[in-house]
Amino acid sequence: PNRGLIFDRNGKVLVDNRTSYSVMIYPVKITPDVEEKVKKLASKLGLEPKMIINKLKYAGPNSPYPIDIKHDLDQETISYLLENRLSLPALTIEHAITRVHPEKNLASHILGYTGEISYEELDDLKEKNYKVGDIIGKTGIEHRFEDKLRGKEGGHFIEVDAIGRKIRTLKSELPEQGNNIHLTIDLNLQKKVESLLQGKKASAVVMDVNTGEILAMASKPDFDPNM
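Engineer: What's the story with the packing of aromatic side chains in this structure? I'm lost.
Structural biologist: One pair of aromatic rings is described through two measures. These are the centre distance and the angle between the planes. Applying the stated rule across the entire model yields 2 aromatic pairs. Taking 6.0 Å as the distance between ring centres and 90 degrees as the angle between the ring planes, the aromatic pair formed by Y113 and F223 counts as edge-to-face. Note that Y113 is positioned in the loop between α4 (108-111) and β5 (114-116) and F223 in the segment after β11 (214-220), a separation of 110 residues in sequence. The exposure class of Y113 is partly exposed, given its relative accessible area of 34%.

Engineer: Could you clarify how one ought to interpret the pattern of salt bridges in this entry?
Structural biologist: Two side chains of opposite charge can pair, provided their charged atoms sit close to one another. Counting across every chain of the model gives 16 salt bridges. Among the salt bridges present, the one from R9 reaches E213, with a minimum N-O distance of 3.0 Å. Placement of the pair is R9 in the loop between β1 (6-7) and β2 (13-25) and E213 in the loop between β10 (202-207) and β11, with a sequence separation of 204 residues. Relative accessible area serves as the criterion here: at 36%, R9 is assigned to the partly exposed category. E213 sits in the partly exposed class, given a relative accessible area of 27%. The closest approach of N and O atoms between K138 and E121, which form a salt bridge, is 2.8 Å. Of the two residues, K138 is situated in the loop between β6 (135-137) and α6 (140-144) and E121 in helix α5 (residues 119-124); the sequence distance between them amounts to 17 residues. Within this structure, R3, R99, E142 and E146 form a network of salt bridges that share partners.

Engineer: Looking at this structure, I do not really get the environment of K200. What am I missing?
Structural biologist: Tracing the sequence through the fold places K200 in the loop between α8 (187-197) and β10. Sequence-wise, K200 and P221 are 21 residues apart; in three dimensions their C-alpha atoms are separated by 7.3 Å. Residues within four places of K200 in sequence aside, it is in contact with K220 and P221.

Engineer: How should I be thinking about the packing of helix α1 (residues 34-45) against helix α3 (residues 75-83) in this particular structure?
Structural biologist: How two helices sit against one another is set out by the angle between their axes and by the gap between those axes. Taken N-terminus to C-terminus, the directions of α1 and α3 make an angle of 160 degrees; their axes are 11 Å apart at the nearest point. Judged by the inter-axis angle, α1 sits roughly antiparallel to α3. As α1 runs across α3, the sense of the crossing is right-handed. Taken together, the residues of α3 that come into contact with α1 (itself represented by K40, L41, K44 and L45) are E76, T77, Y80 and L81. Here the residues of the contact of α1 with α3 are counted per class, giving 4 nonpolar, 1 polar and 3 charged.

About the cut-offs
- Residues numbered from 1 in each chain as written.
- Predicted model: local features only at pLDDT ≥ 70, side-chain atom pairs only at ≥ 80, totals over all residues.
- Heavy atoms only, no water.
- Phe/Tyr/Trp six-rings, centres within 6.5 Å; stacked < 30°, edge-to-face > 60°.
- Helix = DSSP H or I, 4+ residues; strand = E, 2+ residues; numbered from the N terminus.
- Buried < 20%, exposed > 50% of the residue type's maximum accessible area, 1.4 Å probe, protein only.
- Salt bridge = Lys/Arg side-chain N within 4 Å of Asp/Glu carboxyl O.
- Contact = heavy atoms within 4.5 Å.
- Axes fitted to C-alpha atoms, helices over the stretch in contact; angles between N-to-C directions.
- Parallel < 35°, antiparallel > 145°, perpendicular 65-115°, else oblique.
- Left-handed = near helix turned anticlockwise from the far one by under 90°.
- Nonpolar A, V, L, I, M, F, W, Y, C, P; charged D, E, K, R; others polar.

Rendered as C-alpha cells:
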C-alpha cells in the first residue's frame with residue numbers, strides 16, 4: 001500500500017512517496033542449488049550472500065510470501081535480473097513504495113526515517129503480519145505513528161507455469177492506503193529556525209503558548225532521511 005503522507009499545518013508535503021522496484025524471492029520456489037544461485041545474485045546486488053540466506057531461513061521453506069531482498073533497484077540491475085530470469089525461477093521484481101523527503105534535512109529529527117524491519121522487530125510485532133524485508137518506521141513520526149501510516153497490504157492469487165510465468169489471476173485484494181498525518185509544524189517557520197542554527201550544535205523549539213502546539217522544532221547537526 002501507499003504509506004500515508006506527512007503534511008505541515010498548512011498542508012505542505014513534508015514526506016512523500018515515489019514508485020520504485022524491489023527484487024523478491026519466493027521461498028517455496030527455492031531449488032536445492034540455492035546457495036550457488038544466491039552467491040551470483042548477491043554479487044550483482046552488492047549484498048552479502050549470508051544476509052539473503054538468513055532471510056530465507058527466517059521465513060522458512062514453506063512460506064508462500066515473497067521475501068524482499070533489495071529495495072530501489074536501478075534500471076541496469078532490473079535488466080540483468082530479467083535477462084537471467086529462467087535461471088532464477090524463485091525471483092521476481094515488484095513495484096514498491098520508497099519514501100521521499102522533498103526538503104531533505106529539514107525537520108529530520110521530527111519526521112524520522114523508515115528502514116527494513118529487523119528480526120527483533122519481527123518477533124515483537126508478529127501479531128501485526130509483518131514479513132521479512134518489510135519497511136517500517138524507525139524513528140520520529142514515522143515510528144510513533146507506524147500503525148496509522150502503514151496501511152494494509154493487498155495481493156494477487158495467481159496461477160503460474162513451471163518457470164513462474166503468469167497464466168491467470170484467480171483473485172485480487174486491493175491494498176488500503178495508510179492515513180495521512182498533519183503536524184502542527186509550520187514549514188516556513190521551521191526553515192527560518194533551522195537557518196538560524198546552521199553550523200551550530202544547538203536546538204530550538206517554537207511553541208504557541210495559547211495552545212501548546214509546536215510550530216517549529218530543530219536540532220543541529222541533522223541528517224538527510226533520504227539516505
